[in-house]
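Chain and residue survey
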Amino acid sequence: FFFVRTAMDSISATIKYYEKCERGFITYLVEVHFRRSIWHMDKRFNDFCNLHNELRREFPLISLPMIPPKRFFGRFDENFLEERHMKLQSFMDGVLYSIPIAESEALVRFFDISKNVSWDKQRSNEKYEENDEAEQERLKNIVEETAKALIDVNDSGIEPMSEQQLIARREKL
């Protein structure tokens, strides 16, 4: 498979922490960054397992990252939970690297995209191409304004050091 990504498809998700709930399960707080928006969601381990299964059905030819195995005994052990936290983060990083958000209904549902940003899958790329161009122009203007504000070191009157002078100075320090 080969996917074309745009800047507007860029998404990141960080599992900030986990906590044990009174009802006997662990929830993971996931922070999502997408299209200049940030939101938080609570996810259970089963949510990650369901996502993995849905992605396998959606993309049978893509080698997905592994998800940590379930554990019934010792599942609240702090070392186990920390290791699972890291493995779930690796899973998320691998999935988001492999599959663009616009290509996966499972990812859109998992991240509650439509609840948090304006989302129209059919028009996603064409709708945001204009925004990409506007963003590029905005960034270009920022760079130009910053360049005007910088000091030109060529007019400082200080002569550049030769390589021998630099070596001598380094040895002195």
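Description of the structure in this document. Since this is a predicted model, take the numbers as computed values, not measurements.

1. Notes on the overall build of the chain
Summing up its helical and strand segments, the chain has six helices and three strands in all. Each helix and strand of the chain, placed in order from N terminus to C terminus, yields the pattern β-β-β-α-α-α-α-α-α. Of all 173 residues assigned to the chain, the portion counted as buried reaches 35%. Counted over contacts in the chain with a minimum sequence separation of 6, partners at least 24 positions apart contribute 55%. When the accessible surface of the chain is summed, it comes to about 12300 Å², and 51% of that surface belongs to carbon and sulfur atoms.

2. What about the pattern of salt bridges?
Under the definition given, this model contains three salt bridges. Across the salt bridge formed by K87 and E83, the nearest N and O atoms sit 2.8 Å from each other. Of the two residues, K87 and E83 are both situated in helix 2 (residues 78–98); the distance of four residues between them amounts to about one turn of the helix.

3. Some words on the packing of aromatic side chains
Applying the stated criterion across every chain, the model contains four aromatic pairs. A centroid spacing of 5.1 Å and a plane angle of 85 degrees characterise the contact between F110 and F111, whose relative ring orientation is edge-to-face. Since its relative accessible area comes to 6%, F110 is described here as buried. Linked through ring pairs, Y18, Y28, F48, F110 and F111 together constitute an aromatic cluster.

4. Digging into the packing of helix 1 (residues 45–58) against helix 2
Between two packed helices, the angle of one axis relative to the other and the distance separating the axes together describe the packing. Where helix 1 meets helix 2, the closest approach of the two axes is 12 Å, and the angle between their N-to-C directions is 30 degrees. With respect to their mutual orientation, helix 1 and helix 2 come out roughly parallel. In the crossing of helix 1 with helix 2, the sense of the turn from one axis to the other is left-handed. Along its contact with helix 1, which presents F45, F48, L51, H52 and L55, the element helix 2 presents R84, L88, F91, M92 and V95.

5. Looking at the sheet that holds strand 3 (residues 37–44)
Strand order in the open sheet formed by three strands is 1-2-3, and the pairing between neighbours is antiparallel. The strands lining the two open edges of the sheet, one partner per strand, are strand 1 (11–20) and strand 3. Ignoring which end each strand starts from, the neighbouring axes of this sheet average 20 degrees apart. One ladder, built from nine bridges, connects strand 1 with strand 2 (residues 26–34); its direction is antiparallel. Counted as the bridge partner of I11 is F34 from strand 2. The strands touched by helix 1 within the sheet are strand 1, strand 2 and strand 3, with strand 3 carrying the most contacts at an inclination of about 100 degrees. Seen against the sheet, helix 2 touches strand 1 and strand 2 and runs at an angle of roughly 165 degrees to strand 1.

6. Focus on helix 2
Taking 1.5 Å per residue as the helical rise, helix 2 with its 21 residues ought to reach 30 Å, and the 30 Å between its terminal C-alpha atoms agrees with that figure. Residues of helix 2 that are buried: F80, L81, R84, H85, L88, Q89, F91, M92, G94, V95 and L96. Check the buried side of helix 2 and you find it contacts strand 1, strand 2, helix 1 and helix 3 (105–110). Of the residues that open helix 2, the one with a side-chain oxygen 3.3 Å from the backbone nitrogen of N79 is D77.

Criteria and thresholds
Position labels on residues start from 1 in each chain and follow its written sequence. Under the rules for a predicted model, residues below a pLDDT of 70 receive no local features and side-chain atom pairs below 80 are neither given nor counted, while totals for whole chains, interfaces and linings still include all residues. Side-chain figures throughout are based on the complete set of non-hydrogen atoms in the structure, without hydrogens or water. The numbering of helices and of strands both runs from the N terminus, where a helix is a DSSP run of H or I of at least 4 residues and a strand a run of E of at least 2. Note on exposure labels: buried denotes an accessible area under 20% of the residue type's maximum, exposed denotes more than 50%, and partly exposed covers the range between, all computed with a 1.4 Å probe on protein chains only. What makes two residues a contact is simply this: any of their non-hydrogen atoms within 4.5 Å. Accessible surface is estimated by sampling points in the Shrake-Rupley manner with a 1.4 Å probe; for residues, cover comes only from the protein chains shown. A pair is scored as a salt bridge if a Lys or Arg side-chain nitrogen falls within 4 Å of a carboxyl oxygen belonging to Asp or Glu. Aromatic rings from Phe, Tyr and Trp, taking only the six-membered ring of Trp, are treated as a pair when their centres fall within 6.5 Å; an angle between ring planes under 30 degrees marks them as stacked, one over 60 as edge-to-face, and anything in between as tilted. All axes here are fitted lines through C-alpha atoms, helices being fitted over the stretch that makes contact, and every angle between N-to-C directions spans 0 to 180 degrees. What sets the label is the angle itself: under 35 degrees gives roughly parallel, over 145 gives roughly antiparallel, 65 to 115 gives roughly perpendicular, and the rest give oblique. Put simply, a crossing is left-handed when the front helix is turned counterclockwise from the back one by less than a right angle, and right-handed when it is turned clockwise. For two strands to pair, DSSP has to find at least two bridges joining them. What a helix should span is 1.5 Å times the count of its residues minus one. Polar contact is defined as a pair of N or O atoms within 3.5 Å, subject to the rule that within protein one atom must be able to donate a hydrogen and the other to accept it, and that residues adjacent in sequence are counted only when both atoms are side-chain atoms.

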